[in-house]
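Coordinates in review
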Amino acid sequence: MDNNKKLYIIRHAKAETIPGINDFDRALTSDGIQQAKQVAAKIAAKLTLGENAMVISSPANRALQTTRVFLEVMGSSSFDIKIEETIYECTYKHMLSIINAIPDHVNHVLLFGHNPTLTDLVEYLTRKAAYLRTSSCAEIRLDGGFTFHMLSGNCADLVQIID
């Protein structure tokens, strides 16, 4: 069994673009919801959320909606979502500081946010070229013995991009 810690970095699903709607408040499109359900089903096939898991989301409407779609598909709709106010429009280095604060008992983290921050974060952690499209998930495995507190550049493996 793989005992390494894993980080699932998930970009929000496709959102509407309507003149006059504030970017922060944009909602998912029906295609975005379907796409999120498909990716969530692939993650659900390999991961069950329990006491050793954490879900963190941007407060932006489209990110929270994506988070809720994923949790519903994973059979964990009542799972606690940690809304991290500072994720919206932050840098990958700030995102790393959020990850570094995750308690040691946590083994699996689902992190929902936005580009370009998430793509930059994946590339920094793994030193692999990556691009997260809407609803994409980067599955990242921390090097053996590493905790989220110790996570830094080039000390994790990009297992796969799930689309």
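A short tour of the structure in this document, coming up. Bear in mind the structure is a predicted one, so any value in this text is a computation, not a measurement.

Parameters at a glance
Residues numbered from 1 in each chain as written. Predicted model: local features only at pLDDT ≥ 70, side-chain atom pairs only at ≥ 80, totals over all residues. Heavy atoms only, no water. Axes fitted to C-alpha atoms, helices over the stretch in contact; angles between N-to-C directions. Helix = DSSP H or I, 4+ residues; strand = E, 2+ residues; numbered from the N terminus. Parallel < 35°, antiparallel > 145°, perpendicular 65-115°, else oblique. Left-handed = near helix turned anticlockwise from the far one by under 90°. Contact = heavy atoms within 4.5 Å. Nonpolar A, V, L, I, M, F, W, Y, C, P; charged D, E, K, R; others polar. Buried < 20%, exposed > 50% of the residue type's maximum accessible area, 1.4 Å probe, protein only. Pairing = 2+ DSSP bridges. Polar contact = N/O pair within 3.5 Å; in protein donor to acceptor, adjacent residues only side chain to side chain. Core = buried A, V, L, I, M, F, W, Y, C linked by side-chain atoms within 4.5 Å.

In this section: the packing of helix H1 (residues 30–44) against helix H2 (residues 61–73). Relative orientation of the contacting elements H1 and H2 amounts to 45°, with a least axis distance of 8 Å. On the basis of the axis angle, H1 is oblique to H2. For the pair H1 and H2, the sense of crossing is right-handed. Contacts between H1 and H2 involve Ile33, Ala36, Lys37, Val39, Ala40, Ala41, Ile43 and Ala44 on the former and, on the latter, Thr66, Val69, Phe70 and Val73. For the contact of H1 with H2, a count of residues per class yields 10 nonpolar, 1 polar and 1 charged.

What follows is about the pairing of strand E1 (residues 6–11). Buried residues dominate E1, accounting for 6 of its 6 residues. Side-chain alternation along E1 places Lys6, Tyr8 and Ile10 on one buried face and Leu7, Ile9 and Arg11 on a second face that is also buried. Here E1 pairs with strand E5 (residues 137–142) via 5 bridges, running antiparallel. When the bridges of E5 are listed, Tyr8 appears paired with Glu139.

This part is about the environment of Ser58. Take Ser58: it is sitting in the loop between strand E2 (53–57) and H2. The buried category is assigned to Ser58, whose relative accessible area is 0%. The spacing of Ser58 and Ala41 is 17 residues in sequence and 21 Å in space, taken between C-alpha atoms. For Ser58, the residues in contact, after removing those within four places along its chain, are Ala63, Leu64, Glu84, Ile87, Tyr88, Phe112, Gly113 and His114. Within the local environment of Ser58, its side chain forms a polar contact with the backbone nitrogen of Ala60, the two atoms lying 3.1 Å apart. Within the local environment of Ser58, its side chain forms a polar contact with the side chain of His114, the two groups lying 2.7 Å apart.

Excluding glycine, most residues fall at negative phi; most peptide bonds, likewise, are trans. Cis geometry marks the peptide bond from Asn115 to Pro116; its omega dihedral reads 5°. Inspection of the secondary structure assignment puts Pro116 in the loop between strand E4 (108–113) and helix H4 (117–126). If you check the backbone angles, Arg127 has positive phi at about 60° while not being a glycine. With respect to the helices, strands and loops of the structure, Arg127 is situated in the loop between H4 and E5. According to the relative accessible area criterion, Arg127 is exposed, its value standing at 51%.

Moving on: the side chain of Ser135. Among the secondary structure elements, Ser135 is positioned in the loop between H4 and E5. A relative accessible area of 0% means that Ser135 is categorised as buried. Among the polar contacts listed, one links the side chain of Ser135 to the side chain of Gln35, at a separation of 3.4 Å. For Ser135, the contacting residues outside a window of four places in its chain are Ile10, Arg11, His12, Ala13, Gly32, Gln35, Ala36, Val39, Phe70 and Ile162.

On to the nonpolar core, then. In this structure, Leu7, Ile9 and Leu125 are the most contacted members of the largest nonpolar core, which totals 28 residues. Put simply, the parts of the chain that give this core at least two residues each are E1, E2, helix H3 (92–100), E4, H4 and E5. The leading source of residues in this core is H4, at 5 residues. Leaving out residues up to four positions away in the same chain, Ile9 has contacts with Leu111, Leu118, Leu121, Val122, Leu125, Leu132, Ser136, Cys137, Ala138 and Ile140. Within the second largest apolar cluster, 22 residues are counted, among which are Tyr8, Ile10, Leu47 and Leu64.

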